[in-house]
Amino acid sequence: MGLAAATVKKGEGRSLKAGGPWLYDNEIESVMGDFEDGDIVLVRDFDGYPLGRGFINRHSRIRIRMLTRDIDQEIDDAFLYRRVKAAWEYRKQVVDTGSCRVIYGEADFLPGLVIDKFSDVLVVESLALGIDRLKKRIVDLVKQVLAEDGIFIRGVYERSDARDRKREGMENVKGFIGAPFDTKVEITENDIRYLVDVKEGQKTGFFLDQKYNRLSIRKVCPKARVLDCFTHTGSFALNAAYAGASYVLGVDASEVGIAQAKENAALNGLDGATEFLCEDVFDLLPRLGSEGQRFDVVILDPPAFAKSRKSVKSAVKGYRKINQQAMELIKDGGYLVTCSCSHFIDAQCFAKTVSQAAGGAHRRLRQVEYRTQAPDHPILLGAEDTGYLKFFLFQVLKEK
């Protein structure tokens, strides 16, 4: 029996035709043939022009996630192997692969699937119904491709516990794929060692996307007093201490995160140069200001403030407030590292918000560097969701 065929409405599908990976429910004229949610369907334009093949799911506003632009391409093991092999070869060229994101969903043309490699452990996150059916086969192919380079994986853990799955009509899943193993994994990134808890840590256990951004702060940290806000498990703080900072204070509201940060500091012999505090950053910053404390470098790496387009306005207020509070703590000529991982807030909006915060703090900003996510999280043009991280390094100057 042949595949069902979806037809795009006349005048719709503009994002898809511009390189995007999705078709929304209101862009589809009809679906002819028998199918179940999660099945692969053929996709054609209103005039019959072939657009490719993708997964369909009537539970999701993203009705079809494209797998290929070749409407005749069979989605078999050979196809999946080529996708995995291409993803790995790309990463071998652009990043340190000791720990990296091996599969990044739409940007690797495997929509809805994330696979992170932490040393010899894989962590899998499946966010779409169609790819969920293929995830174990793809995991096996990742292991096969890595083994071809002499890299052997001792365990796989699934962290498909994000809210996105409910929008796909799926239950959350968390647990081992295959034999159990110790879920605290030691990795090395930029010569710093970390213990990553792939079972209980945030997302897949560690934020690999900031890998080279963490490295970039080292140039402004020697002999500096550094405040690292939203430190999570201490990664920016440890890079500052490793670079020779005289004092580093890392702050996070998570007791688990702070415990891990202290553990990571001790693992690297940096516990003498670092202090970690479990407290709400929004409460702490004004208190530090009232105490007269000042820092040479302040780092802001908060979780996403904008979870949807509706929350952008309130998120902008949050970013403006926290950046102003941070700048008021920075010595004249010191540095602000400020990040946003809200993909609903683009770089221009974020830069404007930080500029407004500088006005409120009576400071001038001189941009040293703008960066985005590490290249193992590639940004696919036309697929706007694949680009989300904004990272600015500014010199902060009193108004002159």
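Everything in this summary refers to the structure shown in the same document. (Residues numbered from 1 in each chain as written. Predicted model: local features only at pLDDT ≥ 70, side-chain atom pairs only at ≥ 80, totals over all residues. Heavy atoms only, no water.)

1. As for the packing of helix α2 (residues 77–94) against helix α3 (residues 129–148)
Inference 1: The geometry of α2 relative to α3 is characterised by a closest axis approach of 9 Å and an angle of 55° between their N-to-C directions. Here α3 runs oblique to α2, going by the angle between their axes. For the crossing formed where α2 meets α3, the hand is right-handed. Counted together, D77, L80, Y81, V84, K85 and W88 of α2 and L134, R137, I138, L141, V142, Q144, V145, L146 and E148 of α3 form the full contact between these two elements.
Inference 2: Of the residues belonging to the contact of α2 with α3, the class tally is ten nonpolar, one polar and four charged. (Axes fitted to C-alpha atoms, helices over the stretch in contact; angles between N-to-C directions. Helix = DSSP H or I, 4+ residues; strand = E, 2+ residues; numbered from the N terminus. Parallel < 35°, antiparallel > 145°, perpendicular 65-115°, else oblique. Left-handed = near helix turned anticlockwise from the far one by under 90°. Contact = heavy atoms within 4.5 Å. Nonpolar A, V, L, I, M, F, W, Y, C, P; charged D, E, K, R; others polar.)

2. Digging into the side chain of D376
Inference 1: Mapped onto the elements of the fold, D376 is located in the loop between β19 (363–371) and β20 (390–398).
Inference 2: K211 is the oppositely charged side chain nearest to the buried, salt-bridge-free D376, at an N-O distance of 4.6 Å.
Inference 3: A polar contact of 2.9 Å, which involves the side chain of D376, links it to the backbone nitrogen of R101.
Inference 4: For D376, the contacting residues outside a window of four places in its chain are R91, V95, C100, R101, Y104 and L208. (Buried < 20%, exposed > 50% of the residue type's maximum accessible area, 1.4 Å probe, protein only. Lys, Arg positive; Asp, Glu negative; His and termini not counted. Salt bridge = Lys/Arg side-chain N within 4 Å of Asp/Glu carboxyl O. Polar contact = N/O pair within 3.5 Å; in protein donor to acceptor, adjacent residues only side chain to side chain.)

3. Side note on the pattern of salt bridges
Inference 1: In this structure the tally under the stated criterion is 30 salt bridges.
Inference 2: When the shortest N-O distance is used, the salt bridge between E74 and R53 registers 3.9 Å. Of the two residues, E74 sits in the loop between β6 (62–68) and α2 while R53 sits in strand β5 (residues 50–56), which places them 21 residues apart along the sequence.
Inference 3: Accessibility expressed as a relative area gives 47% for E74, which makes it partly exposed.

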